[in-house]
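Chain residues, written in single-letter form:
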Amino acid sequence: MVKQNYLAVDSTLLHLHEVTAKTRVSLQNTFPEIVSSQAPSFVRNVTAMMMDGHGDDLPVSAIPVDGTYPSGTTKWEKRNISDLIPLWEPDLCIQCGNCSFVCPHSVIRSKFYHEEHLQQAPEGFPSAPINARGFPETRYTLQVYVEDCTGCNLCVEACPAHDPADAERKAINMAAKAPVLEREKENIHFFESMPLNDRTKIDYSLVRGVQFLEPLFEFSGACAGCGETPYLRTLSQLFGDRLIIANATGCSSIYGGNLPTTPWTTNAEGRGPAWSNSLLKTMPNLAWVCAFR
Ligand code: SF4
Ligand code: SF4
């Protein structure tokens with residue numbers, strides 16, 4: 001092994017050769033904006049600087065003075081790390097909610113709504129009649145936030161519905177993102193414009209009902225296919241802004257409170273779970289604690 005390492009180093013030196021660089025850049029491509037111009041000013045002026053690798057250039061005065069840190073910022077990150085994303089097939093879907101329940105990144109959202117909303121929908125916006133009694137003229141849409149998907153395939157594996165004519169085709173299937181990206185961005189924009197579902201009309205003792213509850217933990221930087229984050233997302237759906245988390249240090253403190261973005265977020269009233277992390281969990285009186293506001 002040691003000889004092989006020496007050999008690898010010696011071979012590298014033997015094969016070094018000079019590359020003549022062009023004196024000017026000819027490529028005309030431009031990079032997309034780090035974050036949307038719609039993002040809050042802190043995200044545009046501070047978070048985006050860190051995401052762009054220029055965090056060292058920030059003055060200390062740019063950071064909140066009280067040790068708290070703005071939450072709900074992963075939604076602006078749009079990492080686009082997967083070329084494959086799931087596509088929903090409304091005609092096959094039984095609306096069980098399995099796919100959104102297992103998604104580690106809160107990428108799959110569901111809503112039911114009066115069919116009159118579809119009058120303002122983009123052309124081809126997918127929907128199906130809701131599969132439940134007592135909801136006349138009501139449609140169901142399952143929306144994939146394609147730019148936040150990690151391509152882990154868990155949603156497809158969890159989907160129980162198959163095409164009777166083609167066992168390989170499920171009610172949700174991985175497909176290339178590039179051809180549908182702009183269309184799906186428009187669909188997401190419209191989906192977000194529709195009201196959230198009324199919690200009092202949802203039986204959230206069932207997976208099927210939980211899919212309609214707003215997650216207050218979303219788009220974390222946890223590994224693709226993470227088995228832990230669906231539990232946190234479900235807690236945030238069930239308990240909302242009444243959730244208090246004392247986080248020991250580990251994976252969940254890294255993806256849960258990782259700079260520069262934060263997956264814990266708030267509802268429309270600006271209220272969300274309270275989160276704190278003790279770095280030295282066995283020595284609480286010496287602990288470094290950070291908290292989100
Ligand atoms: S592929 Fe993975 S990250 Fe993407 S929507 Fe499905 S479960 Fe979520
Ligand atoms: S798991 Fe399949 S059948 Fe269930 S809601 Fe998702 S796409 Fe529909």
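First, a word on scope: everything that follows refers to the structure included in this document. (Residues numbered from 1 in each chain as written. Chains lettered and ligands numbered in written order. Predicted model: local features only at pLDDT ≥ 70, side-chain atom pairs only at ≥ 80, totals over all residues. Heavy atoms only, no water.)

1. A word on the layout of surface pockets
Next, step 1: Here the largest pocket is characterised by a volume of approximately 1200 Å³.
Next, step 2: Lining the largest pocket are 45 residues, with Lys-75, Lys-78, Tyr-145, Ile-188 and Glu-192 sitting closest to its centre.
Next, step 3: Those elements that provide at least two residues to the lining of the largest pocket are helix H3 (98-102), strand E3 (108-114), helix H5 (181-193) and helix H7 (229-239).
Next, step 4: When residues in the lining of the largest pocket are grouped by element, the largest group, six residues, is from H5.
Next, step 5: In terms of residue class, the lining of the largest pocket is built from 19 nonpolar, 13 polar and 13 charged. (1 Å grid on protein atoms, 1.4 Å probe; cavity = no way out; pocket = protein on both sides within 12 Å on 5 of 7 lines; lining within 4 Å. Points joined across faces, edges and corners; volume = space filled by probe spheres on them. Helix = DSSP H or I, 4+ residues; strand = E, 2+ residues; numbered from the N terminus. Nonpolar A, V, L, I, M, F, W, Y, C, P; charged D, E, K, R; others polar.)

2. Structural notes on the pattern of salt bridges
Next, step 1: Counted under the stated rule, the structure contains nine salt bridges.
Next, step 2: Taking the shortest distance from any N to any O, the salt bridge between Lys-185 and Glu-182 comes out at 3.4 Å. You can see Lys-185 and its partner Glu-182 sitting in helix H5, three residues apart, about one turn around the helix.
Next, step 3: The residue Glu-184 makes a salt bridge to Arg-183 at a minimum N-O spacing of 2.9 Å.
Next, step 4: Of the residues examined, Arg-183 reaches a relative accessible area of 43% and is grouped as partly exposed.
Next, step 5: Through salt bridges with shared partners, a single network forms among Glu-89, Asp-91, Asp-163 and Arg-169. (Salt bridge = Lys/Arg side-chain N within 4 Å of Asp/Glu carboxyl O. Buried < 20%, exposed > 50% of the residue type's maximum accessible area, 1.4 Å probe, protein only.)

3. Regarding the site of ligand 2
Next, step 1: If you check the shell around ligand 2, you find 15 residues, and the closest are Cys-93, Cys-96, Gly-97, Cys-99 and Cys-159.
Next, step 2: Considered class by class, the residues forming the shell around ligand 2 number twelve nonpolar, three polar and no charged. (Near = heavy atom within 4 Å.)

4. Considerations on the site of ligand 1
Next, step 1: Within the structure, ligand 1 sits among 13 residues, and Cys-103, Cys-149, Cys-152, Asn-153 and Cys-155 are positioned closest to it.
Next, step 2: Partitioned by chemical class, the residues of the shell around ligand 1 number ten nonpolar, three polar and no charged.

5. With respect to the sheet that holds strand E5 (residues 138-144)
Next, step 1: In spatial order, the strands read E3-E5-E4; together these three strands make up an open sheet with antiparallel pairing. Each edge of the sheet is formed by a strand with only one pairing partner; in this case those strands are E3 and strand E4 (128-129).
Next, step 2: Examined bridge by bridge, E4 and E5 share two bridges and lie antiparallel to one another. Across the sheet, Pro-129 pairs through a bridge with Arg-139, a residue of E5. (Pairing = 2+ DSSP bridges.)

6. Concerning the packing of aromatic side chains
Next, step 1: Evaluation of the coordinates by the stated rule reveals nine aromatic pairs.
Next, step 2: Aromatic pair Phe-112 and Phe-135: ring centres 5.3 Å apart, planes at 75°, arrangement edge-to-face. Separated by 23 residues along the polypeptide, Phe-112 in strand E3 and Phe-135 in the loop between E4 and E5 bring together distant segments of the chain.
Next, step 3: We classify Phe-112 as buried; its relative accessible area is 12%.
Next, step 4: A residue is classified by how much of its surface remains accessible, and Phe-135, at 27% relative accessible area, is partly exposed.
Next, step 5: Members of the aromatic cluster, joined through ring pairs, are Trp-88, Phe-112, Phe-135, Tyr-140 and Phe-212.
Next, step 6: Across the ring face of Tyr-204, the terminal group of Arg-199 is positioned such that the distance to the ring centre comes to 5.2 Å.
Next, step 7: Geometry around Phe-101 places Arg-233 over its ring, the cationic atom sitting 5.8 Å from the centre. (Phe/Tyr/Trp six-rings, centres within 6.5 Å; stacked < 30°, edge-to-face > 60°. Lys NZ or Arg CZ within 6 Å of the ring centre and 35° of its normal.)

7. Description of H7
Next, step 1: Along H7, the residues classified as buried are Thr-229, Pro-230, Leu-232, Arg-233, Thr-234, Ser-236 and Gln-237.
Next, step 2: Where H7 is buried, its residues touch H3, helix H6 (207-210) and helix H8 (251-256).
Next, step 3: Backbone geometry just after H7 places Gly-240 at a positive phi near 50°. (Contact = heavy atoms within 4.5 Å.)

8. Examining the nonpolar core
Next, step 1: Grouped together as the largest cluster of nonpolar side chains are 35 residues, with contacts concentrated most on Val-107, Ile-108, Phe-125, Tyr-140, Leu-142 and Ile-172.
Next, step 2: Mapped by element, the contributors of at least two residues to this core are strand E2 (84-88), E3, E5, helix H4 (154-158) and H5.
Next, step 3: Counting residues per element, this core draws most heavily on H5, at four residues.
Next, step 4: Among the nonpolar cores identified, the runner-up in size contains nine residues, and Phe-217, Leu-243, Ile-245 and Tyr-255 belong to it. (Core = buried A, V, L, I, M, F, W, Y, C linked by side-chain atoms within 4.5 Å.)

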